[in-house]
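Residue-level listing of the chains:
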Amino acid sequence: MSRMRIARPVSDLPRSAAMYLQGLEWRQLGAFADHQGFDGVMLGPPDADYHLEFTSCRAHPVTPTPTAEDLLVLYVAGEEAWAHRCRALEAAGFVEVPSFNPYWAVNGRTFVDHDGYRTVVERV
C-alpha cells in the first residue's frame with residue numbers, strides 16, 4: 001500500500017488548520033508539538049491514503065512561498081456537491097482568485113488561503 005503526504009510550512013498553524021478543516025470538511029488525523037522544534041497537524045479524509053501536513057518551526061520559521069502554479073486540485077462530482085465545496089471554502093476564509101493557467105477556470109474555481117496556497121475545485 002502506498003500513502004501520500006503533502007507537507008507545507010505555514011505562518012499560522014491554528015489558522016491554517018481551522019481553514020482547511022472547515023473548507024474541505026476533512027478531519028484532524030494527528031498533531032505534534034515541539035517535535036525537534038517543529039509543531040504540526042495532519043488533515044485529511046478519514047479513510048484516504050493521502051493527507052495534508054502543516055508545519056511550523058519554532059526556532060527558524062519558514063516563510064511560505066507558493067507560486068500561482070502550486071495547486072491542490074480537488075475533483076468534485078456533481079454540480080450541487082461542487083457548489084457546496086466552493087461555498088464552504090469561502091465561508092472558511094479562502095478567497096477566490098483568477099487561475100494563472102486558464103485551464104483551471106473552464107470547469108473550476110481557484111481559491112487562495114492566507115499564506116498564498118491555492119486550491120482548485122474542479123467540477124466533474
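The structure displayed is predicted, hence computed values, not measured ones.

## Some remarks on the pairing of strand E5 (residues 71-76)
Consideration 1: Residues Leu72, Leu74 and Val76 point to one face of E5 and are all buried, whereas Leu71, Val73 and Tyr75, pointing to the other face, are not buried.
Consideration 2: When E5 meets strand E8 (residues 118-123), the two strands line up parallel, connected through six bridges. In the strand pairing of E8, leucine 71 is matched with arginine 118.

## Examining the sheet that holds strand E1 (residues 4-9)
Consideration 1: Across the sheet, four strands lie side by side as E1-E4-E3-E2; this open sheet has mixed pairing. Two strands in the sheet have a free side with no partner beyond their single neighbour: E1 and strand E2 (27-35). The average angle at which neighbouring strand axes cross in this sheet is 20°, direction not considered.
Consideration 2: Direction of pairing for E2 relative to strand E3 (residues 38-44): antiparallel, over a ladder of six bridges. Across the sheet, alanine 31 pairs through a bridge with valine 41, a residue of E3.

## Points about the nonpolar core
Consideration 1: Ranked by internal contacts, the top residues of the largest apolar core, which has 22 residues, are Tyr20, Leu24, Phe54, Phe94 and Val121.
Consideration 2: Breaking this core down by element, the ones donating at least two residues are helix H1 (13-24), E3, strand E4 (50-57), E5 and helix H2 (79-91).
Consideration 3: Here the element with the most residues in this core is H1; it accounts for five residues.

## Some remarks on the environment of glycine 23
Consideration 1: Tracing the chain through its elements places glycine 23 in helix H1.
Consideration 2: On the basis of relative accessible area, glycine 23 is assigned to the buried category, the value being 0%.
Consideration 3: For the pair glycine 23 and phenylalanine 94, spaced 71 residues apart in the sequence, the C-alpha separation amounts to 7.9 Å.
Consideration 4: Leaving out residues up to four positions away in the same chain, glycine 23 has contacts with Arg85, Ala88, Leu89 and Ala92.

## A few points about the side chain of serine 99
Consideration 1: You can see serine 99 is positioned in the loop between strand E6 (95-97) and helix H3 (103-106).
Consideration 2: At 2.7 Å, the side chain of serine 99 and the side chain of threonine 110 are in polar contact.
Consideration 3: Those residues in contact with serine 99 that sit more than four places away from it in its chain are Trp104, Ala105, Thr110 and Arg118.

## Structural notes on the environment of valine 121
Consideration 1: Of note, valine 121 is situated in strand E8.
Consideration 2: In sequence terms valine 121 and valine 76 are 45 residues apart; their C-alpha atoms lie 6.9 Å from each other.
Consideration 3: Sequence-distant contacts of valine 121, defined by excluding residues within four places in its chain, comprise Leu74, Val76, Trp82, Arg85, Cys86, Leu89, Asn107, Gly108, Arg109 and Phe111.

## Remarks on H2
Consideration 1: Between its first and last C-alpha, H2 extends 18 Å over 13 residues, near the 18 Å set by a 1.5 Å rise per residue.
Consideration 2: Among the structural elements, H1, E5, strand E7 (108-112) and E8 are those in contact with the buried residues of H2.
Consideration 3: One or two residues past the end of H2 sits glycine 93, with phi positive at roughly 110°.

Rules used in this analysis
- Throughout, residues of each chain are indexed from 1 in the direction in which the sequence is written.
- Per-residue local features are limited, in this predicted model, to residues with pLDDT of at least 70; the limit for side-chain atom pairs, both in listing and counting, is 80 or more; totals at the level of whole chains, interfaces and linings are taken over all residues.
- With hydrogens and water stripped out, all remaining heavy atoms of the structure feed into the side-chain values.
- Think of it in three bands: residues with accessible area under 20% of the maximum for their type are buried, residues over 50% are exposed, and the middle band is partly exposed, with areas taken using a 1.4 Å probe on protein chains only.
- For the purposes of this entry, the term helix denotes a DSSP run of H or I that reaches at least four residues, the term strand denotes a run of E that reaches at least two, and both are numbered from the N terminus.
- The rule for pairing is simple: two strands pair if DSSP sees at least two bridges between them.
- Here the axes come from fitting lines to C-alpha atoms, over the contacting stretch only for helices, and the angles between their N-to-C directions go from 0 to 180 degrees.
- Take the buried Ala, Val, Leu, Ile, Met, Phe, Trp, Tyr and Cys residues and link them wherever side-chain atoms come within 4.5 Å; each set so joined is a nonpolar core.
- Contact between two residues is taken to exist if any of their heavy atoms lie within 4.5 Å; hydrogens are not considered.
- Throughout this description, a polar contact denotes any pair of N or O atoms lying within 3.5 Å of each other; where both atoms belong to protein, one of them has to be capable of donating a hydrogen while the other can accept it, and for residues adjacent in sequence the pair is counted only when both atoms sit in side chains.
- For a helix, the expected span equals 1.5 Å multiplied by the residue count minus one.

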